[in-house]
Amino acid sequence: MPPVNNKRSRRIWFPVIHSPWSDVIKFLLVLAALTWLLYRGTESLGYNWQWHRVSRYIVSVKDGQVIFGPLIQGLLVTLRICGWSLVFSFTFGLLTALLRMSDSVVGRGVARCYLELIRNTPLLVQLFFLYFVVAPVLNIDRFTAGVLALSLFEGAYASEIFRAGIVSVARGQWEAAHSLGLSTFNLYRYIILPQATRYVLPPLTSQAVALIKDSALVSTIAIYDLTMQGQVIISETFLTFEIWFTVAAIYLVLTVILSTMADIMAYRLKTIS
Amino acid sequence: MQGKELGDYIIEVERIRKTFPNGIQALYDFSARIRRSEVVVIIGPSGAGKSTFLRCLNGLEDFDSGTITIDGIRLDDNKENRLEIRKEVGMVFQLFNLFPHMTVLENVNLAQMLVRKKNHDEATKVTMSLLEKVGIPDKAQSYPSQLSGGQQQRVAIARALAMVPKVMLFDEATSALDPEMIGEVLDVMKTLAQEGMTMVVVTHEMGFAREVGDRVIFMDEGRTVEEGSVEQIFSNPQKERTKQFIGQIL
């Protein structure tokens, strides 16, 4: 092919390919393909879609009163579990990271053992262990056991994120703070952690999203979270696809909101420094 | 600056040794005694141990043997002592090391409030007068990234001075600066010297050394090769190694 033609065709196609509309069109094409696949799949299964029956499990109106369905109640439980677990896992993570970098040999050893133990065993096993073995001994309820299992698990991963963030603060910052006579606590509180926050925010957000998704596992110890409620509804109604899709969509909304909030925070931090 | 009145010995360093984990010996039985209000300039080729010595003086670097005493306090494994010494010894770094997430005002206020336990108003008063002194009172609300290198280094000097240190250490404070900004930082350092601050200065600025230095220590391979008055070292060095080095830099 002569190069002249090539050049002309580029001139014609370049603006089309690189306009924002081409992205929208590509996205719609992918979406259409997925829908078609799904349609064909369920058609061959002979699945009978009954989307109209789903709404009552989310919210319904009875005698002028709004009643939240089991899915919303499950969502509230999931939110409570995730909220507590988030706070505790970040606390465990930060403490473990600080322990691992401390001068104390025992502290480093304890942190290391915790990390390896948690990261190299399945979350489900940890959850069962806490619920069936530890909980009866310590006399804690299933909600606490679930939160504890999730916090310990995600905390181990969070600690590695915190550690990486702390290590990435320039050495000169430590030295400057030391030379001013700052105590170790003040050094971390005012100099190191504020700067590390910028580095850790994106990976920490991924970790929080993972936590929300992993929280579905607490349904195995009969906590009525979003996933558990979904399972119950399905066993009563056989609306398998509709309910699972709805549950997935609710998780998606939750994680997207979280990511967006993290983006806003990251943007603010960037504009400050 | 010759003939200025010097006080008693404020820094006493006895035969300190320091070997880095990679086997490089940075200081070999290095000793020095520095008087109150004295300005000591340390020169020498890179790798001579100049910076390591400075960093040992405020406990940023551990040493293997020997003793360092500053204003009567021994610098040893005792954490309290080390913190006490750091309060009294200010340090200015080659790369400024300002806190990038804080304004100039917050940078200078921080240690006054956390370590000297002043309230915000008292600290701010001191900070503003120090910024006046180093010539950038209008930059109090700026962030370090908005300042030139020379301005940043002057903030760093103000930050160290805010602790009212008894000794100031300068670790190649002008080496990272553009030529036209070196002067403004040296001017601040000269003012400090004239006010009677005890200063230990590692520098390649021979003009500065001549103008304000009371004494010059020429170091090589972790030891003092020769020391004496500025005149003596620059114009009439005795040792062959000193002659060679002075010949290269002048």
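A. The arrangement of the overall build of chain B in detail. Regarding its fold elements, chain B presents nine helices and ten strands. At 18 Å, chain B has a C-alpha radius of gyration in line with the 18 Å of a compact globule built from 250 residues. In terms of its C-alpha atoms, chain B occupies a principal-axis envelope of roughly 55 × 40 × 40 Å. Considering only contacts within chain B whose residues lie at least 6 apart along the sequence, 67% involve residues at least 24 apart. Summed over its atoms, the accessible surface of chain B is roughly 10,900 Å², and 45% of this surface lies on carbon and sulfur atoms. Here chain B contributes 30 positive and 36 negative side-chain charges, whose respective centroids are spaced 3 Å apart.

B. Examining the overall build of chain A more closely. The number of helices and strands found in chain A is ten helices and two strands. Starting at the N terminus and ending at the C terminus, chain A contains elements arranged as α-α-β-β-α-α-α-α-α-α-α-α. Taken over 273 residues, chain A has a buried fraction of 37%. For chain A, contacts bridging at least 24 residues in sequence account for 71% of all contacts bridging at least 6. Summed over all atoms, the accessible surface of chain A reaches about 16,600 Å², with 69% contributed by carbon and sulfur. Side-chain charges of chain A comprise 22 positive and 14 negative groups, with the mean position of each set lying 12 Å from the other.

C. Layout of the sheet that holds strand 3 (residues 39–43) of chain B. Residues and elements named next belong to chain B. Spatial ordering of the open sheet is given by 6-7-8-3-9-10, a layout of six strands whose pairing is mixed. Every interior strand has two partners, whereas the edge strands, strand 6 (89–92) and strand 10 (223–228), have only one. The average angle at which neighbouring strand axes cross in this sheet is 20 degrees, direction not considered. In the packing of helix 6 (residues 179–194) onto the sheet, the strands contacted are strand 3, strand 7 (167–171) and strand 8 (198–202), and the crossing angle to strand 8 comes to about 145 degrees.

D. Examining the side chain of A:Thr96 more closely. All names here are of chain A. Here threonine 96 lies in helix 3 (residues 70–100). For threonine 96, a relative accessible area of 7% puts it in the buried group. Of note is the side chain of threonine 96, whose polar atom sits 2.6 Å from the backbone oxygen of phenylalanine 92. Leaving out residues up to four positions away in the same chain, threonine 96 has contacts with Ala111, Tyr114, Leu115 and Ser159.

E. Here's a closer look at the pairing of strand 10 of chain B. Residues and elements named next belong to chain B. Strand direction decides the pairing type here: strand 9 (residues 215–220) and strand 10, joined by five bridges, are antiparallel. Bridging across to strand 10, valine 216 finds its partner in glycine 228. Linking strand 9 back to strand 10 in an antiparallel pair, the connection comprises two residues, with glutamate 221 at a positive phi of about 50 degrees.

F. Representation of the interface of chain B and chain A. Listed as interface residues are 23 residues of chain B and, on the opposing side, 19 residues of chain A. Carbon and sulfur atoms supply 64% of the area that chain B and chain A bury against each other, a total of about 1,800 Å² over both sides. Linking chain B with chain A are one salt bridge, by the criterion used here. Summed over the shared surface of chain B and chain A, the result is five residue pairs in polar contact (both at pLDDT 80 or more). Breaking the side of chain B that touches chain A down by element, the ones donating at least two residues are helix 2 (79–88), strand 6, helix 3 (104–114) and helix 5 (149–161) of chain B. Split into classes, the residues belonging to the side of chain B that touches chain A amount to 16 nonpolar, three polar and four charged.

G. Structural detail: the pattern of salt bridges. All names here are of chain B. A complete count under the given rule lists 26 salt bridges over all chains for this structure. The shortest N-O distance in the salt bridge between arginine 116 and glutamate 88 comes to 3.9 Å. In this pair, arginine 116 sits in the loop between helix 3 and helix 4 (120–133) while glutamate 88 sits in helix 2, placing the two residues 28 residues apart along the sequence. When its relative accessible area of 14% is taken as the criterion, glutamate 88 is described as buried.

H. Here's a closer look at the confidence of the model for chain B. Residues of chain B with pLDDT of at least 70 account for 99%, and the chain-wide mean is 92. For this predicted complex, the interface confidence reaches an ipTM of 0.91, while the overall pTM sits at 0.82.

I. View of the pairing of strand 2 (residues 65–68) of chain A. Residue and element names in this part refer to chain A. Two elements, strand 1 (residues 59–62) and strand 2, share four bridges in a ladder whose sense is antiparallel. The partner of serine 60 across the bridge, within strand 2, is isoleucine 67. Turn length for the strand 1-strand 2 hairpin, with the two strands adjacent in sequence and antiparallel, is two residues, and the turn residue aspartate 63 shows positive phi of about 50 degrees.

J. A look at the layout of surface pockets. Approximately 1,100 Å³ is the volume found for the largest pocket. If you go around the largest pocket, you meet 26 residues; those closest to its centre are A:Asp103, A:Trp174, A:His178, B:Arg82 and B:Arg86. Of all the secondary-structure elements, those providing two or more residues to the lining of the largest pocket are helix 7 (171–179) and helix 8 (184–214) of chain A together with helix 1 (50–57) and helix 2 of chain B. Counting residues per element, the lining of the largest pocket draws most heavily on helix 2 of chain B, at five residues. Class assignment of the residues belonging to the lining of the largest pocket gives a composition of nine nonpolar, six polar and eleven charged.

K. Just the environment of B:Gly90, in detail. Mapped onto the elements of the fold, B:Gly90 is located in strand 6. Dropping the residues within four chain positions of it, B:Gly90 is found in contact with B:Ala160, B:Pro165, B:Val167, B:Met168 and B:Leu169.

L. Fine view of the environment of B:Lys18. All names here are of chain B. Its place among the elements puts lysine 18 in strand 1 (residues 9–19). The sequence separation of lysine 18 and aspartate 64 amounts to 46 residues, and the corresponding C-alpha distance is 5.2 Å. Beyond its immediate stretch of four places on either side in the chain, lysine 18 contacts Ile24, Gln25, Ala26, Leu27, Thr52, Glu61, Asp62, Phe63 and Asp64.

Criteria and cut-off values
- Residues numbered from 1 in each chain as written.
- Chains lettered and ligands numbered in written order.
- Predicted model: local features only at pLDDT ≥ 70, side-chain atom pairs only at ≥ 80, totals over all residues.
- Heavy atoms only, no water.
- Helix = DSSP H or I, 4+ residues; strand = E, 2+ residues; numbered from the N terminus.
- Rg over C-alpha atoms; globule rule 2.2 N^0.38 Å.
- Contact = heavy atoms within 4.5 Å.
- Areas by Shrake-Rupley, 256 points an atom, 1.4 Å probe, with all protein chains shown as cover.
- Lys, Arg positive; Asp, Glu negative; His and termini not counted.
- Charge placed at Lys NZ, Arg CZ, Asp CG, Glu CD.
- Buried < 20%, exposed > 50% of the residue type's maximum accessible area, 1.4 Å probe, protein only.
- Pairing = 2+ DSSP bridges.
- Axes fitted to C-alpha atoms, helices over the stretch in contact; angles between N-to-C directions.
- Polar contact = N/O pair within 3.5 Å; in protein donor to acceptor, adjacent residues only side chain to side chain.
- Buried area = accessible area lost by both parts, 1.4 Å probe.
- Salt bridge = Lys/Arg side-chain N within 4 Å of Asp/Glu carboxyl O.
- Nonpolar A, V, L, I, M, F, W, Y, C, P; charged D, E, K, R; others polar.
- pLDDT = per-residue confidence, 0-100.
- 1 Å grid on protein atoms, 1.4 Å probe; cavity = no way out; pocket = protein on both sides within 12 Å on 5 of 7 lines; lining within 4 Å.
- Points joined across faces, edges and corners; volume = space filled by probe spheres on them.

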